[in-house]
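Analysis of the macromolecular model
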Amino acid sequence: MIALTNKKTAIGKEFSFIPNRHKPYFEIDENNEITSYKREICIDRVELKARLTEDDIEELTSMFRYHIEHDVKPNGYDLITYVMDLSEQFGVYIRIQPFIQSKVNAKIQLQSKFTNNLQGNSPHMLDLLNRHKWFITRLDVAFDYTTPFNTSAYLRRHGGQKQTNFDTSSWAGSMGNYKRTANDSHYDRKAENELLDSPFINRFEVKFNFLESDNMTFSNLNHTLIANRLLAELFIPCLTYSYFHEQKVKTNRGQKEFIDLIKRSKEADNENYVKLLLSDSQWRTYRSHFKACRDDIEDWYLHNSHVIYDFLLAHH
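Reference entry: report on the structure contained in this document. Just so it is clear, the model here is predicted, and its values are computed rather than measured.

Turning our eyes to something else, we now look at helix α6 (residues 223-230). Those residues of α6 lying buried are I226, A227, R229 and L230. Down the axis, α6 shows its buried residues gathered within 160 degrees of arc, on one side only. Buried residues belonging to α6 abut β8 (135-145), β13 (202-209) and α10 (297-304).

Now the structure itself:
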């Protein structure tokens with residue numbers, strides 16, 4: 001089922017025609033007509049790497065103020081790194097090591113101030129991104145909702161994947177594991193930033209890892225690969241409109257509400273805690289229903305892929 005994302009076909013129409021699973025995404029008026037959307041999407045952070053020449057390094061270090069970091073190796077070699085912290089000014093952080101033939105020696109991090117055009121991007125930064133052969137190693141895609149954090153839930157990609165849980169956030173996987181193609185986080189943005197001035201406070205974020213061989217660059221963004229990875233994510237922004245609302249299942253420990261199982265899953269460090277309560281067939285049914293209720297974030301990404309990378313365009 002395709003998520004309804006075209007405002008011309010949804011705004012002003014009767015709310016009743018919306019499939020139940022998509023109702024959390026719309027605001028309605030007193031006439032039961034759709035007036036606006038209750039979810040947004042953005043690129044939250046990007047990390048890129050490149051192989052710079054000696055001339056490239058000299059040019060870059062002459063453009064921006066930098067400081068030098070020293071890392072003395074066990075063999076006595078002093079590894080010098082040029083650090084250009086432009087986070088406050090542009091939302092950009094650059095690290096460059098001296099030129100070594102064929103070595104990846106430069107890393108650039110684009111933070112939310114840059115990717116969400118919160119300050120207006122410098123032509124110097126855009127020129128820097130366009131002139132060198134940067135390949136993307138990390139891409140964070142964020143989906144924001146007006147629904148409360150505690151009414152939504154997600155299942156990890158794999159039942160045994162470790163997760164860290166707090167009252168207003170949960171984090172699955174480790175960004176240090178570059179063999180993993182994606183990691184998830186779900187958190188209350190208002191709890192993280194009390195000064196946040198936005199109704200979109202409930203965030204589900206997918207952090208992608210890419211290898212150089214994936215050839216993921218700004219000039220050659222493989223949206224199909226990103227969408228296929230998003231398809232594996234199981235996130236429900238509002239359980240009230242899902243199959244699980246008021247549904248019960250007989251478990252190894254008696255009759256349980258599905259919502260209760262989901263809450264236990266959110267609180268547990270390992271999803272298999274819930275799996276132990278169900279038979280194999282019940283577990284498969286549980287995940288299949290969760291999948292049927294999930295937000296079609298891959299469609300939402302594809303429908304908005306032409307605008308969420310606008311930070312790469314010059315703004316006058």
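Next comes the rest of the description.
It is worth spelling out the side chain of R294 at this point. Mapped onto the elements of the fold, R294 is located in the loop between α9 (280-293) and α10. On the basis of relative accessibility, which here comes to 3%, the residue R294 falls in the buried class. Among the polar contacts made by the side chain of R294, one reaches the side chain of E298 at a distance of 2.8 Å.

A few words now on the pattern of salt bridges. One pass over the structure, following the stated rule, counts 16 salt bridges. K107 is paired through a salt bridge with E47; the nearest N and O atoms lie 3.7 Å apart. Of this pair, K107 sits in strand β7 (residues 106-110) while E47 sits in strand β3 (residues 39-50), and the two are 60 residues apart along the sequence. Judged by relative accessible area, E47 falls into the buried class, the value being 9%. The closest approach of N and O atoms between E205 and R203, which form a salt bridge, is 3.9 Å. Each member of the pair E205 and R203 is classed as buried. Taken together, the salt bridges that share partners define one network made up of D44, D144, R189, R203, E205 and K207.

Both strand β4 (residues 67-72) and strand β5 (residues 78-86) contribute to a ladder of six bridges, which runs antiparallel. Note on β5: the bridge partner recorded for D71 is L79. Turn length for the β4-β5 hairpin, with the two strands adjacent in sequence and antiparallel, is five residues, and the turn residue G76 shows positive phi of about 90 degrees. Pairing of β5 with strand β6 (residues 92-96), which is carried by five bridges, proceeds in the antiparallel orientation. For M84, the partnering residue across the bridge sits in β6 and is I94. What sits between β5 and β6 in their antiparallel hairpin is a turn of five residues, with G91 showing a positive phi close to 80 degrees.

What follows covers the packing of α6 against α10. Relative to each other, α6 and α10 sit at 155 degrees, their axes nearing to 8 Å. Between α6 and α10, the crossing angle belongs to the class labelled roughly antiparallel. Crossing of α6 over α10 shows right-handed handedness. Side by side, α6 and α10 meet where H223, I226, A227 and L230 of the first sit next to I297, E298, Y301 and L302 of the second. Residue classes in the contact of α6 with α10 are distributed as six nonpolar, one polar and one charged.

Conventions we followed
- Along each chain, numbering runs from 1 in the same order as the chain's sequence is written.
- Confidence filtering applies because this is a predicted model: local features only for residues at pLDDT of at least 70, side-chain atom pairs given and counted only at 80 or more, and all residues used for totals across whole chains, interfaces and linings.
- With hydrogens and water excluded, all non-hydrogen atoms of the structure serve as input to the side-chain values.
- Here the term buried applies to any residue with accessible area under 20% of the maximum for its type, exposed to any over 50%, and partly exposed to those in between, with areas from a 1.4 Å probe on protein chains only.
- Only DSSP runs of H or I with at least four residues qualify as helices, and only runs of E with at least two residues qualify as strands; both kinds are numbered from the N terminus onward.
- Of all possible arcs, the one meant is that of the directions from the helix axis to the C-beta atoms.
- Any two residues whose heavy atoms approach within 4.5 Å at even a single point are treated as in contact.
- Within 3.5 Å is the distance limit for a polar contact, defined as a pair of N or O atoms, with the added protein rule that one can donate a hydrogen and the other accept it, and that residues adjacent in sequence qualify only through two side-chain atoms.
- Salt bridges are defined as contacts in which a side-chain nitrogen from Lys or Arg sits within 4 Å of a carboxyl oxygen from Asp or Glu.
- A pair of strands counts as paired when DSSP detects no fewer than two bridges linking them.
- Each axis is a line fitted through C-alpha atoms, taken for helices only over the stretch in contact, and angles between the N-to-C directions span 0 to 180 degrees.
- Any angle that is under 35 degrees is reported as roughly parallel, and any over 145 degrees as roughly antiparallel; angles of 65 to 115 degrees are reported as roughly perpendicular and all others as oblique.
- Take the far helix as the reference: if the near one is turned anticlockwise from it by less than a right angle, the crossing is left-handed, and if turned clockwise, right-handed.
- Lys, Arg, Asp and Glu make up the charged group, whereas Ala, Val, Leu, Ile, Met, Phe, Trp, Tyr, Cys and Pro make up the nonpolar group; the residues left over, Gly among them, are polar.

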